[in-house]
Structures are given as structure tokens and as C-alpha cells.
Amino acid sequence: MRVPDIIMKKRDGGELSPEEIFFLIDGMVSGDVPDYQMSAFCMAVYFQGMTPAETAALTLAMARSGEIVDLSAIRGTKVDKHSTGGVGDTTTLVLAPMVAATGVPVAKMSGRGLGHTGGTLDKLESIPGMRVSLSEEEFIEQVNRIGIAIVGQTEDVAPADKILYALRDVTATVESIPLIAASIMSKKLATGADAIVLDVKTGTGAFMHDLSQAEALAGLMVDIGRMARRKMAAVISDMNQPLGHGVGNTLEVIEAVQTLAGEERGRLFDLCLELGARMVVMGGAESSIEAARVRLNDVVDSGAALEKLREMVVAQGGDPAYIDDPRRLPVAPYSEYITAPCSGYVASVDAMTLGRAAMSMGAGRARKEDSVDLECGLVTLVSIGDPVEQGQPVAKLYASSTSLLTEGLSVAAKAYTYSAEPIEPPPLVYRTIES
């Protein structure tokens, strides 16, 4: 096989065989296929697309380019969840303990934040002493012992994805749905879960702004997982406003603990019920979505879900005092409110703008090597459709300096618009896809 022939075939709309795709990915990882040829391949895929069979072959080739984590030693059906990223999206810290408290093992490998989206590992490291790097043996032992572990992926998982993503980022091919699906699912398949629930975001703060594109991506990823013999489900959820109130690492941990303690019952909790119910059913703890929702509410009401988070924090070296009283977690010292300039109704709470505001104060990173200020961020105090009075606080920002606070305020204020007429809030969930 010759690489130019494979590129030409895809450029002209042909369907590549699994052998051709594996040849290309193996060559990329080994260095035999140079970046400029892979860039040409990405552009050909961007314009011509890929069939489901091609995308599945690409996903498997990328998954098999490195370590395949073997979780067979963990008892039961191992469940995992993946979000395509958003703002105030603290679902993992709430969802994983809820599901584990029902008896379904949650063996989760997560990532760090990049751009305006937050990362689970950064949030966990807001808890003093928390360790997010475990050996495979420690990871398996912990899940068998307490039913839950959340750790970082090793560099050996799907190395082809890291190479291809870097090329897509500089060749304007990031938005290709087959390449997005292969990127996400290659890591999920390589990390060994038996069942995967996908939270595919759509809206202003999501990677996929268009609902039809989000539906196409979700359907394709579910199909890939089914071809790889995984139990799959997808929930297409709204990201036209932040999911939770907290935006920023420590602030999101505080909200997660308060949610598990039963003190918060908003959009964040409601989405965790939708995602968690599917994880509980696929894990075999309940036979219906309705029964699973009841079970998840019960583990929160009884305190079992919060206790499961506490167990995980202790097992991974974190100080449980910050779970017992999350107000002890330090937040940035300088703060100020944004207030409504008029009376009326909240027409928009632009998630992307608020994410950028938090990032401008240090809560996110533009590059993977950037450091993050765990203590800064913002708390939204209103949602789309809420009535407001002139001068009413709509958000509170926290920063480590007055200059950063001023910068964040100038960005965040643009996220809010108002209407004299009542506004219908967007739905939380647009569609679900069950395999």
C-alpha cells in the first residue's frame, strides 16, 4: 500500500478498507507517515466524510495504537461516562458517587481542562492531598474495594489520538464529525469500560453549537461502541447556559458536594439523574430508567452518595474534612458582583462567554502545559427565564488580583441579556439515544 493512493481514494470519495486505515495510523505512530500526509488525509475526511464502518475502523486503529487497559479483574459491569465538554459541567463529581452508591462499579479515567471547558482532574486536585495518578493495579483494587475511582489517563492510552488531534488543531479540521467520534471513542474503548454513557452537549457553550450536528455525533459514537460490543447510550443536553452555578475548579467542587448533600436540586442534579439512570440500568442494578431514577434519589437522600465521594477522596489521599465542610475550600480573595441593569427577565446567560471570563482570570488553560488557578472563577445566580429587578446580583466573580477581577468582569457582563417579556428557558435534554 502507498499513502498517496489512500489519500487520493478518500479525496475522491472512496471508502477505505480497515487494512488501509490501520496501515495509515500505524505509519503515523511509528513516524513512517509524515505529518503533511496525515494533514492531507484529515482534510480529505473533512470534505468527504467517512462511512460508519470507516469511522469504526479508524477508532479501533487509534485505540490499538497504545495500551488497552484490562479491567476484567473488576467485578461486575464497569460503567463510564464521557461529556463532550461545557461550562459549569460538574457531572462526574456528582454522577460517579451516585452511581457507585447503587452498587454499580465506576472505573473512570478523566482529563484536564483545555480552553473554556473544565477538567475533572483539575477539579479533584482542588481537594488538598487528592491524588489522581494511580497504577493500574491500584485503580482496579480501589474499584473492587469501594466501587469507584477517578484517575487520569496514562500517556500510553491511544497515542494516535494525541498526534492526530494536534494536526487537526492546526489544519482547520477539528470540526469533522468522524474525526471527533474516533477521537472520543478510541480513548473510551482503550480504557476498558463495559458500558458507556455519552453526554453530548449542544448550544453556545458546547463544541457542537448545532443540534443536528450533536445528534449526528451522538448517533455515530453509539454505533461505534455497539460495533465494539459495548453497551451504549447517549444524552444530548443543553449548553446554552452553564449547567451548574459554579464555574471554576474549587467553586465546582463546592457545588458538587452541596448537590450530593441534597442542598442543590437544579439543572446539574437533574442531568446527573438522566445520565446516572442509564448507567445504573446498563450496570444491572435496576431494570428500568424510572426505577433507576428513584434509586439515585434514594442514595442522595440517605447520604450514601456523599459518603461514596468521601470514601474515594480518602482512598486517593485527599482530606475528607473538605467534603464534610466544603466551605473550608479556599476561593480567590477578590470578588465582585455583576448586577442586572434593568428589571425584566433573563434572556441569555451565554455559557461560552462565562467560560472565557473564568479562563481570563486563570481558571482554564489555553495550552496543555499552562498552569491553572484552582481558586478563581464565578458563580451564576440566575438562569434563563428568571425574573430580575434592576440592581439585582446575577453573578459573583472571584479572582486572585484586582486586575484579573476587572478583566473577568468586563467579559462576563456581556454574557447576560434581558427581556421585558417572559422568556421560555431551553430544555435540559433534547434527545436520548439508547442502544
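Please refer to the structure higher up on the page.
Everything quoted here is computed from the prediction, not taken from an experiment.

A. Spatial organisation of the overall build of the chain. A count of helices and strands for the chain gives 17 helices and 13 strands. A compact globule built from 435 residues should have a C-alpha radius of gyration of about 22 Å, and the chain, at 22 Å, falls within 12% of that. Oriented by its inertia axes, the alpha-carbon framework of the chain measures out at about 65 × 45 × 40 Å. Counting every position in the chain, which comprises 435 residues, the buried fraction comes to 55%. Nonlocal contacts in the chain, meaning residues at least 24 apart in sequence, comprise 78% of its contacts between residues at least 6 apart. As presented, the chain carries roughly 17,000 Å² of accessible surface, and 50% of it is formed by carbon and sulfur atoms. Positive and negative charge centroids in the chain, built from 38 and 57 side chains respectively, lie 3 Å apart.

B. Structural detail: the sheet that holds strand E6 (residues 246-247). If you walk across this open sheet you meet the four strands as E6-E9-E11-E7, and the pairing is antiparallel. Taken across any chain shown, the strands that pair with only one partner, and hence form the sheet edges, are E6 and strand E7 (334-339). Here E6 pairs with strand E9 (residues 377-380) via two bridges, running antiparallel. Each bridged residue has a counterpart across the sheet, and for glycine 246 the counterpart in E9 is valine 379. Running at roughly 145 degrees to E9, helix H16 (residues 351-360) makes contact with E6 and E9 of the sheet. Packed onto the sheet, helix H17 (residues 402-412) meets E7 and strand E11 (393-399) and runs at close to 20 degrees relative to E7.

C. Geometry of the environment of leucine 306. Assignment of secondary structure puts leucine 306 in helix H14 (residues 304-315). Sequence-wise, leucine 306 and leucine 95 are 211 residues apart; in three dimensions their C-alpha atoms are separated by 11 Å. With residues up to four places along the chain from it excluded, the contact list for leucine 306 reads Val257, Leu260, Ala261 and Ile323.

D. Here's a closer look at the nonpolar core. Formed by 82 residues in total, the largest nonpolar core has its most connected members in Met98, Val99, Met312, Leu397 and Tyr416. Among the elements that make up this core, the one with the highest residue count is helix H12 (residues 267-282) (ten residues). Discounting chain neighbours no more than four positions away, the residues touching methionine 98 are Leu260, Phe269, Cys272, Leu273, Leu296, Val299, Val300 and Ala305. Formed by 38 residues, the second largest nonpolar core is a distinct cluster that contains Val69, Met185, Met232 and Ala234.

E. Structural context of the sheet that holds strand E10 (residues 387-388). Strands sit in the order E10-E8-E12 across an open sheet of three strands; the sheet is antiparallel. Unpaired on one side and paired on the other, E10 and strand E12 (416-419) mark the two borders of the sheet. Both strand E8 (residues 344-349) and E12 contribute to a ladder of four bridges, which runs antiparallel. When the bridges of E12 are listed, tyrosine 345 appears paired with serine 419.

F. Layout of the packing of helix H2 (residues 18-30) against helix H8 (residues 159-170). Orientation of H2 relative to H8, taken along the N-to-C sense of each, is 85 degrees, at an axis distance of 10 Å. One element, H2, and the other, H8, form an angle in the roughly perpendicular class. For the pair formed by H2 and H8, the contact residues are Ile25, Met28 and Val29 on the first element and Ala160, Ile163 and Leu164 on the second. A breakdown of the residues in the contact of H2 with H8 according to their chemical character gives six nonpolar, no polar and no charged.

G. Inspection of the packing of helix H1 (residues 3-11) against H2 at higher detail. Across the interface, H1 lies against H2 with an axial gap of 11 Å and an inter-helix angle of 125 degrees. Judged by the inter-axis angle, H1 sits oblique to H2. Along this stretch, H1 crosses H2, giving a crossing that reads as left-handed. On the side of H1, the interface is formed by Val3, Ile6 and Lys9, while H2 contributes Glu20, Phe23 and Leu24. Residue classes in the contact of H1 with H2 are distributed as four nonpolar, no polar and two charged.

H. Representation of the packing of aromatic side chains within the structure. Considering all chains together, one arrives at one aromatic pair under this definition. Ring geometry for tyrosine 46 against phenylalanine 47: centres 5.2 Å apart, planes inclined by 85 degrees, an arrangement best described as edge-to-face. If you follow arginine 328 out to its NZ or CZ, it ends over the ring of tyrosine 322, 5.0 Å from the centre.

I. Representation of unusual backbone geometry within the structure. Residues other than glycine seldom take positive phi values, yet alanine 172 does so here, at roughly 60 degrees. Mapped onto the elements of the fold, alanine 172 is located in the loop between H8 and helix H9 (177-190). Phi is positive for arginine 229, close to 65 degrees, though the residue is something other than glycine. Relative to the helices and strands, arginine 229 resides in the loop between helix H10 (211-227) and strand E5 (231-238).

J. Fine view of H17. What H17 keeps buried is the set Leu405, Gly408, Leu409 and Ala412. In an axial view of H17, the angular spread of the buried residues amounts to 100 degrees, which keeps them on one side of the axis. Residues of H17 that are exposed and point more than 90 degrees away from the buried face comprise Ser403 and Thr406. Of the surrounding elements, those touching the buried residues of H17 are E7, H16, E11 and E12.

K. Examining the pattern of salt bridges more closely. Applying the stated rule across the entire model yields 23 salt bridges. The salt bridge partner of lysine 123 is glutamate 252, with a shortest N-O separation of 2.9 Å. With lysine 123 in helix H6 (residues 120-124) and glutamate 252 in helix H11 (residues 249-260), the pair connects residues that are 129 residues apart, well separated along the chain. When sorted by exposure, lysine 123 lands in the same class as glutamate 252, which is buried. Linking glutamate 434 and arginine 278 is a salt bridge whose minimum nitrogen-to-oxygen distance equals 2.7 Å. Separated by 156 residues along the polypeptide, glutamate 434 in strand E13 (residues 429-434) and arginine 278 in helix H12 bring together distant segments of the chain.

Criteria and thresholds
Residues numbered from 1 in each chain as written. Predicted model: local features only at pLDDT ≥ 70, side-chain atom pairs only at ≥ 80, totals over all residues. Heavy atoms only, no water. Helix = DSSP H or I, 4+ residues; strand = E, 2+ residues; numbered from the N terminus. Rg over C-alpha atoms; globule rule 2.2 N^0.38 Å. Buried < 20%, exposed > 50% of the residue type's maximum accessible area, 1.4 Å probe, protein only. Contact = heavy atoms within 4.5 Å. Areas by Shrake-Rupley, 256 points an atom, 1.4 Å probe, with all protein chains shown as cover. Lys, Arg positive; Asp, Glu negative; His and termini not counted. Charge placed at Lys NZ, Arg CZ, Asp CG, Glu CD. Pairing = 2+ DSSP bridges. Axes fitted to C-alpha atoms, helices over the stretch in contact; angles between N-to-C directions. Core = buried A, V, L, I, M, F, W, Y, C linked by side-chain atoms within 4.5 Å. Parallel < 35°, antiparallel > 145°, perpendicular 65-115°, else oblique. Nonpolar A, V, L, I, M, F, W, Y, C, P; charged D, E, K, R; others polar. Left-handed = near helix turned anticlockwise from the far one by under 90°. Phe/Tyr/Trp six-rings, centres within 6.5 Å; stacked < 30°, edge-to-face > 60°. Lys NZ or Arg CZ within 6 Å of the ring centre and 35° of its normal. Arc of directions from axis to C-beta. Salt bridge = Lys/Arg side-chain N within 4 Å of Asp/Glu carboxyl O.

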